[in-house]
Amino acid sequence: MGVGQPLAGNMDSNAFNPLRFLLHLNPSPYMWDLFLLSRLFLAGFFAYLFLRAISLSHLSSLFSALLFMLSGYFIFCIDMHHLDVEVFLPFILLCYEKIIQKASLLKWGLLCSLGIIFLLSGGQPQSAFLILGIGFAYYFFRLLSFPENRRAKVIGKFAGIYIFFHL
């Protein structure tokens with residue numbers, strides 16, 4: 001650092017992380033508290049939306065989202081950089097689920113692309129790789145879980161959608 005390492009070359013600085021924008025402008029203790037709590041809130045909010053998308057009841061989705069956002073991993077690692085990326089796992093799964101359900105394909109595809117941008121600009125490539133790997137497995141598992149989607153034409157269409165929105 002002292003000899004001129006670029007800020008963009010340091011993954012732990014999270015220089016391009018959109019979640020840390022306000023924190024970079026005002027690194028006060030109050031802003032840090034707000035930032036750390038907002039990550040937990042985002043994790044719970046995205047988990048709730050994902051669980052509702054897979055047809056869980058309101059109460060079970062709320063309880064599960066609270067358990068997810070207040071899990072030991074998130075609380076224990078609340079100040080770790082990789083959590084900036086890992087809170088987006090339920091958001092990515094939500095986008096994939098909505099694409100598979102054919103609910104407003106363009107909207108959810110663009111939101112998926114935005115989520116991938118947040119993952120890749122979050123500064124933690126190992127977490128982003130893991131989330132995208134889990135998302136890939138989930139996407140094609142859900143696609144093939146419907147008997148009407150087990151035709152080569154439908155699989156090719158959804159594989160093309162997957163590739164397009166990831167590029």
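Structure shown above.
In what follows, the accompanying structure is described. (Residues numbered from 1 in each chain as written. Predicted model: local features only at pLDDT ≥ 70, side-chain atom pairs only at ≥ 80, totals over all residues. Heavy atoms only, no water.)

## A word on the packing of aromatic side chains
This is how it is decided: The criterion for an aromatic pair is that two Phe, Tyr or Trp rings (for Trp, the six-membered ring) have centres within 6.5 Å, with stacked assigned to planes under 30 degrees apart, edge-to-face to planes over 60 apart and tilted to the rest. Where helices and strands are cited, they refer to DSSP runs of H or I of at least four residues and of E of at least two residues respectively, numbered from the N terminus. To sort residues, take the accessible area from a 1.4 Å probe on protein chains only and compare it with the maximum for the residue type: under 20% means buried, over 50% means exposed, and anything in between is partly exposed.
Going through the model one piece at a time under the given rule, you end up with 18 aromatic pairs. An angle of 65 degrees between the planes, with centres 5.6 Å apart, marks the rings of Phe 136 and Tyr 162 as edge-to-face. Taken together, the residues Phe 136 in helix H8 (residues 125–144) and Tyr 162 in helix H9 (residues 152–166) connect sequence positions 26 residues apart. Tyr 162 gets classed as buried once you look at its relative accessible area, which sits at 12%.

## Details of the pattern of salt bridges
Inclusion rule: A pairing counts as a salt bridge when a side-chain nitrogen of Lys or Arg comes within 4 Å of a carboxyl oxygen of Asp or Glu.
Here the structure, examined in full by the defined rule, presents three salt bridges. Between Glu 97 and Arg 142 there is a salt bridge; the shortest N-O distance is 2.7 Å. One end of the pair, Glu 97, is in helix H6 (residues 89–100); the other, Arg 142, is in helix H8, with 45 residues separating them in the sequence. Via salt bridges that share partners, Arg 20, Arg 39 and Asp 84 belong to a single interconnected network.

## Considerations on the nonpolar core
Counted only if it meets this: Each nonpolar core is a collection of buried residues, namely Ala, Val, Leu, Ile, Met, Phe, Trp, Tyr and Cys, held together in the definition by side-chain atoms within 4.5 Å. Every residue pair with non-hydrogen atoms within 4.5 Å of one another is taken to be in contact.
Of all hydrophobic cores here, the largest spans 36 residues; its most connected members are Tyr 96, Ile 99, Leu 119, Tyr 139 and Phe 158. Mapped onto this core, the elements with two or more residues apiece are helix H2 (29–53), helix H5 (83–86), H6, helix H7 (105–121), H8 and H9. At eight residues, H6 tops the list of elements feeding residues into this core. Leaving out residues up to four positions away in the same chain, Phe 158 has contacts with Ile 99, Ile 100, Lys 102, Tyr 139 and Leu 143.

## Overview of the packing of H2 against H6
Worth spelling out the cut-off: Note on geometry: axes are lines fitted to C-alpha atoms, helical ones only across the stretch in contact, with angles between N-to-C directions running from 0 to 180 degrees. Angles below 35 degrees are treated as roughly parallel, those above 145 as roughly antiparallel, those between 65 and 115 as roughly perpendicular, and all remaining angles as oblique. Working rule for handedness: look at the near helix, and if it is turned counterclockwise from the far one by less than a right angle, call the crossing left-handed; if clockwise, right-handed. We call Asp, Glu, Lys and Arg charged. Ala, Val, Leu, Ile, Met, Phe, Trp, Tyr, Cys and Pro are nonpolar, and the rest, Gly among them, are polar.
The interhelical angle for the contact between H2 and H6, taken along N-to-C directions, is 25 degrees, at an axis separation of 8 Å. Relative to H6, H2 is oriented roughly parallel. Here H2 runs over H6; the crossing is left-handed. In contact with Ala 43, Phe 46, Ala 47, Leu 49, Phe 50 and Ala 53 of H2, H6 contributes Pro 90, Phe 91, Leu 93, Leu 94, Glu 97 and Lys 98. Grouping the amino acids of the contact of H2 with H6 by side-chain chemistry returns 10 nonpolar, no polar and two charged.

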